Amino acid sequence: GNSVTQMEGPVTLSEEAFLTINCTYTATGYPSLFWYVQYPGEGLQLLLKATKADDKGSNKGFEATYRKETTSFHLEKGSVQVSDSAVYFCALSDRGGTSYGKLTFGQGTILTVHP
Amino acid sequence: DAGVTQSPTHLIKTRGQHVTLRCSPISGHKSVSWYQQVLGQGPQFIFQYYEKEERGRGNFPDRFSARQFPNYSSELNVNALLLGDSALYLCASSLGLFGTGGPYGYTFGSGTRLTVV
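I will try to describe carefully the structure that is included in this document.

Parameters and conventions
Residues numbered from 1 in each chain as written. Chains lettered and ligands numbered in written order. Predicted model: local features only at pLDDT ≥ 70, side-chain atom pairs only at ≥ 80, totals over all residues. Heavy atoms only, no water. Pairing = 2+ DSSP bridges. Helix = DSSP H or I, 4+ residues; strand = E, 2+ residues; numbered from the N terminus. Axes fitted to C-alpha atoms, helices over the stretch in contact; angles between N-to-C directions. Phe/Tyr/Trp six-rings, centres within 6.5 Å; stacked < 30°, edge-to-face > 60°. Buried < 20%, exposed > 50% of the residue type's maximum accessible area, 1.4 Å probe, protein only. Salt bridge = Lys/Arg side-chain N within 4 Å of Asp/Glu carboxyl O.

1. Focus on the sheet that holds strand β3 (residues 19-21) of chain A
All names here are of chain A.
Part 1 of the argument: Taken in spatial order, the four strands make up an open sheet running β3-β9-β8-β7, and their pairing is antiparallel. One side of each edge strand has no neighbouring strand; the edge strands of this open sheet are β3 and β7 (56-59). Pairs of neighbouring strands in the sheet enclose a mean axial angle of 15°, with direction left out of account.
Part 2 of the argument: In this structure, strand β8 (residues 62-65) lies alongside strand β9 (residues 75-77), joined through three bridges in antiparallel fashion. What sits directly across from Phe-62, in β9, is Lys-77.

2. A closer look at unusual backbone geometry
Residues and elements named next belong to chain B.
Part 1 of the argument: With an omega dihedral of -10°, the bond running from Ser-7 to Pro-8 counts as a cis peptide bond.
Part 2 of the argument: Residues other than glycine seldom take positive phi values, yet Ala-80 does so here, at roughly 45°.
Part 3 of the argument: Checked against the element boundaries, Ala-80 lands in the loop between β8 (74-78) and β9 (87-94).

3. Points about the packing of aromatic side chains
All names here are of chain B.
Part 1 of the argument: Following the criterion strictly, the structure yields 13 aromatic pairs over all chains and no others.
Part 2 of the argument: Where Tyr-35 meets Phe-45, the ring centres are 5.7 Å apart and the plane angle is 65°; that geometry is what we call edge-to-face. Remark: Phe-45 occurs in strand β5 (residues 44-50) and Tyr-35 occurs in strand β4 (residues 31-37); sequence separation between them is 10 residues. Like Tyr-35, the residue Phe-45 is buried in the burial classification.

4. A word on the pattern of salt bridges
Residues and elements named next belong to chain B.
Part 1 of the argument: By the definition in use, this model includes eight salt bridges over all chains.
Part 2 of the argument: In this structure, Glu-51 engages Lys-30 in a salt bridge whose closest nitrogen and oxygen atoms are separated by 3.4 Å. Of this pair, Glu-51 sits in the loop between β5 and β6 (53-57) while Lys-30 sits in the loop between β3 (19-24) and β4, and the two are 21 residues apart along the sequence.
Part 3 of the argument: A relative accessible area of 30% means that Glu-51 is categorised as partly exposed.
Part 4 of the argument: Exposure remark for Lys-30: the relative accessible area of 31% places this residue in the partly exposed category.
Part 5 of the argument: Between Asp-85 and Arg-63 there is a salt bridge whose closest N-O contact spans 2.8 Å. Here Arg-63 lies in the loop between β6 and β7 (64-68) and Asp-85 lies in the loop between β8 and β9, a separation of 22 residues in the sequence. For the pair formed by Asp-85 and Arg-63, the shared burial category is buried.
Part 6 of the argument: If you follow the salt bridges from partner to partner, you end up with Arg-22, Arg-67 and Glu-75 in one network.

The following block contains the structure:
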C-alpha cells in the first residue's frame, strides 16, 4: 500500500536559518505529492504540490521537488521566520488501484522558529 | 466566498453514545472526504463521497458511516463511541474526485474536535 515517511522529531531553528524537512514515499501508481501546514487549533492548509516527476512546487518561499528516482519530496526554505512555526505534513494522492483520491499523510513534523 | 465549514467545532460525548458531524463544502465542489486526526499524528482517511456516492473507505470499523446530500454537504456518523475515537475530524472538499493538478485541489475545514469521556 501507499505510505509517507517524514523525518522524525521536532525541528527547532533560529530565525533566518535554512530549513529542510525530509519526506519519502511509497506508492503503487502515479502519485501527486503535497505539503500541508497546520497552525495551532486550525485545519490543514495546502502549502505546495507537484503532480509529476521533476515538478517543483513552491509557495511563500517554500520549495519541494518531486524526485521519482529517490521517491522523495523534501521541503526547503532558505530563511525561516517565527511565523513559520507550525506542523508540516507531507502527503500523496495516488490514482492507481483503489486509492481513488484519498490523501495518505506522513506523521507530521513540528517546526519551532525562535527569534 | 465561504470555505469548507464544519459543525460543531467542539463537542464532548460519553462512551457508547452516538455523534453526527457535519460538513458544507465549497460551493461547486462535488467531492467530500473525511479524515480522523489523533493528537500527534497525521490525518487518516475515513471516507470519500463524490456525486453522492461513496467512492472510498478507509480502515475504520462499521461504527463509522457517512452520507452526502443532494446539495453536496455531508454527515459523518459514529456509533457506540469509544475513548479512542477522541480526535480532530477533518472534512475536505474538492471539485473533482482526485483533487490533483490544474484547478483542482483539496480544501480542508478547521475540523471538529471530539472528546469522548
